[in-house]
Each structure stands twice: as C-alpha cells, then as structure tokens.
Amino acid sequence: ATSFWSKLRNICIRFAGLILSVVFIMVTTAVLVDSDGAASPCSSCRYVSCVPFPPWAGEDNKWWYCDDCSRVTADAKLDSSGYYSLSLTCPDGAIEEIDLSDQLVTDRQWIRRQLPTFCRKHCDNLFAS
C-alpha cells in the first residue's frame with residue numbers, strides 16, 4: 001500500500017506538470033501571435049525544425065532542403081551560341097559569377113530549375129541574413 005505522502009506527492013507533480021504545460025502553451029501562442037510571419041522569433045530553430053530528406057540520398061537528390069536556395073535569383077548572359085554566364089544572387093545577397101560556356105545551355109527554363117543547385121554549389125552562405 002502506498003502512503004498518504006506518496007499519493008500527495010504524485011498529485012502535486014501532476015498538477016505542476018499541468019500548470020507548466022498550460023503556461024508554455026500560452027507563452028508559445030503569445031510569441032507566435034506577436035510575430036509578423038516573415039521573421040522567425042528563433043533564428044537558430046531552423047536547425048531543429050527541418051531535416052533534409054531522405055538523409056541517405058545524394059546532395060542533388062533530396063526531396064526537400066532546409067536552405068534558402070529556392071529563393072535565389074540570377075541574370076543570365078546570352079550570345080548567339082546560348083547562355084554563357086550567370087550572375088547568381090545568393091540568399092545572403094552575395095553575387096556569384098558562374099561560367100556556363102562549357103555546357104552549351106540554350107534553355108532558359110533549365111537554368112531556372114537549376115538555380116537552387118547552383119546556389120548550393122557556389123554560394124558560401126545558404127541562408128538569408
């Protein structure tokens with residue numbers, strides 16, 4: 001048989017857990033409501049909340065990525081033989097010059113689809129500052 005003090009201790013621990021859970025939910029809700037939706041209230045949380053998947057796939061074959069390379073932009077230079085150069089604006093604002101002359105690229109849509117891959121290969125910082 002359990003003693004009175006053991007039962008009282010278990011009730012107190014459960015009550016404290018309930019109170020702490022309600023407080024944490026209220027604090028989290030307040031932080032999210034106060035947020036503008038664009039900026040994260042926790043800049044390092046992206047490392048906890050996202051994992052590139054599947055982890056066994058090669059770097060070019062992930063189903064999703066946790067970087068900001070999906071938002072990069074670029075200016076491509078075109079001559080009579082095709083696109084020969086690409087000025088890629090990395091997520092942190094740095095400009096990377098990429099030589100395309102050896103690839104004989106003529107398809108603008110192919111370049112657009114390859115921008116995240118170029119970002120991951122050529123940009124030093126893959127996250128917006």
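Residues numbered from 1 in each chain as written. Predicted model: local features only at pLDDT ≥ 70, side-chain atom pairs only at ≥ 80, totals over all residues. Heavy atoms only, no water.

Trainee: Just give me the short version of helix H3 (residues 108-122), but keep the residues and values in it.
Mentor: Relative to the 21 Å expected for 15 residues at 1.5 Å per residue, H3 spans 19 Å between its end C-alpha atoms, a close match to the ideal helical length. Along H3, the largest kink reaches about 45° and is centred on Gln114; proline Pro116 follows within four residues of it. Residues of H3 that are buried include every one of Ile111, Leu115, Thr117, Phe118 and Cys119, and no others. Contacts made by the buried residues of H3 are with strand S1 (73-79), strand S2 (82-89) and strand S3 (95-99). (Helix = DSSP H or I, 4+ residues; strand = E, 2+ residues; numbered from the N terminus. Expected span 1.5 Å × (residues − 1). Bend = angle between axes of the 7 residues up to and from the residue. Buried < 20%, exposed > 50% of the residue type's maximum accessible area, 1.4 Å probe, protein only. Contact = heavy atoms within 4.5 Å.)

Trainee: Give me the lowdown on the pattern of salt bridges, citing residues and values where you can.
Mentor: Pairs can form between side chains of opposite charge once their charged atoms are near each other. Across all of its chains, the model carries three salt bridges by this definition. Linking Asp68 and Arg71 is a salt bridge whose minimum nitrogen-to-oxygen distance equals 3.4 Å. We classify Asp68 as buried; its relative accessible area is 6%. Between Lys77 and Glu97 there is a salt bridge, with its nearest N and O atoms 3.8 Å apart. You can see Lys77 sitting in strand S1 and its partner Glu97 sitting in strand S3, a full 20 residues away along the chain. (Salt bridge = Lys/Arg side-chain N within 4 Å of Asp/Glu carboxyl O.)

Trainee: Describe the state of the cysteines, naming the residues involved and giving the relevant values.
Mentor: Enumeration over the complete set of coordinates arrives at two disulfides. Shown here is the disulfide that connects Cys69 with Cys119, its sulfur atoms set 2.0 Å apart. Its S-S torsion of about -60° marks the bond between Cys69 and Cys119 as left-handed, since a negative value means left-handed. You can see Cys69 sitting in the loop between helix H2 (46-49) and S1 and its partner Cys119 sitting in helix H3, a full 50 residues away along the chain. Among the residues examined, Cys119 registers a relative accessible area of 0% and is labelled buried. Across the disulfide, Cys90 is cross-linked to Cys123 (sulfur-sulfur distance 2.0 Å). Judged by the sign of its S-S torsion, about -85°, the bond between Cys90 and Cys123 is left-handed. Of this pair, Cys90 sits in the loop between S2 and S3 while Cys123 sits in the segment after H3, and the two are 33 residues apart along the sequence. (Disulfide = S-S within 2.5 Å.)

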